[in-house]
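# Architecture and fold: a report
Here is how the chains run, residue by residue.
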Amino acid sequence: TTATGCGSAPSFTNGVWTQSGICYNISSCSPGYDATRAPTHSRCVQNSWSPSALSCPPLDCGQPVIANAASVTLSGGTIYQSSATVACKTGFTGTRTSSTISCQTTGKWTDYKCLLSTPVISTASTSTSI
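Small disclaimer: the values here were computed from a predicted structure and weren't measured.

### A closer look at the side chain of Thr110
Take Thr110: it is sitting in the loop between strand S10 (100–102) and strand S11 (114–116). Accessibility expressed as a relative area gives 17% for Thr110, which makes it buried. A distance of 3.1 Å separates the side chain of Thr110 from the side chain of Gln104, its partner in a polar contact. Setting aside residues up to four positions removed in sequence, Thr110 forms contacts with Arg96, Ile101, Ser102 and Gln104.

### As for the state of the cysteines
A complete count under the given rule lists four disulfides for this structure. Each sulfur in the disulfide pair Cys6 and Cys44 lies 1.9 Å from the other. Taking the sign of the S-S torsion, about 95° here, the bridge from Cys6 to Cys44 comes out right-handed. With a gap of 38 residues between them, Cys6 in the segment before strand S1 (11–13) and Cys44 in strand S4 (residues 41–45) connect regions that are remote in the sequence.

### Some remarks on the nonpolar core
Membership of the largest hydrophobic core is limited to 11 residues, which are Cys61, Ile66, Ala69, Ala84, Val86, Cys88, Ile101, Cys103, Trp109, Tyr112 and Cys114. When residues in this core are grouped by element, the largest group, three residues, is from strand S8 (residues 83–88). Those residues in contact with Cys61 that sit more than four places away from it in its chain are Thr78, Cys103, Gln104, Gly107, Lys108 and Trp109. Of all hydrophobic cores here, the second largest spans 10 residues; its members include Cys6, Ile26, Cys29 and Ala38.

About the cut-offs
Residues numbered from 1 in each chain as written. Predicted model: local features only at pLDDT ≥ 70, side-chain atom pairs only at ≥ 80, totals over all residues. Heavy atoms only, no water. Helix = DSSP H or I, 4+ residues; strand = E, 2+ residues; numbered from the N terminus. Buried < 20%, exposed > 50% of the residue type's maximum accessible area, 1.4 Å probe, protein only. Polar contact = N/O pair within 3.5 Å; in protein donor to acceptor, adjacent residues only side chain to side chain. Contact = heavy atoms within 4.5 Å. Disulfide = S-S within 2.5 Å. Core = buried A, V, L, I, M, F, W, Y, C linked by side-chain atoms within 4.5 Å.

Okay, here's the thing in structure tokens:
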């Protein structure tokens, strides 16, 4: 659909848009993308779209904070679909079989904890004969 003088609709990524007269408005963003940080609409002004492209930016999970982690190595930043590898401090064990976490559609990292390892206590008894 076109608005008079503006030609084809502006480009859209990571979301669903609706047209209302000479405006395109955000209807919703795809899971993992943030409507609150996106331009809300594009309008036909003096024969061109302003802005010329609309996009819902990916959610940012921020830096992963994991208590008792010796290191957290990011792969691809902190935005939706990025991943990180967690290494627990000596004496601590991760709660998941995989040490890789990812930034989810909720804007939060996959749940991961480094818990104190249970020490192995020997139950063998020693006896001495006299």
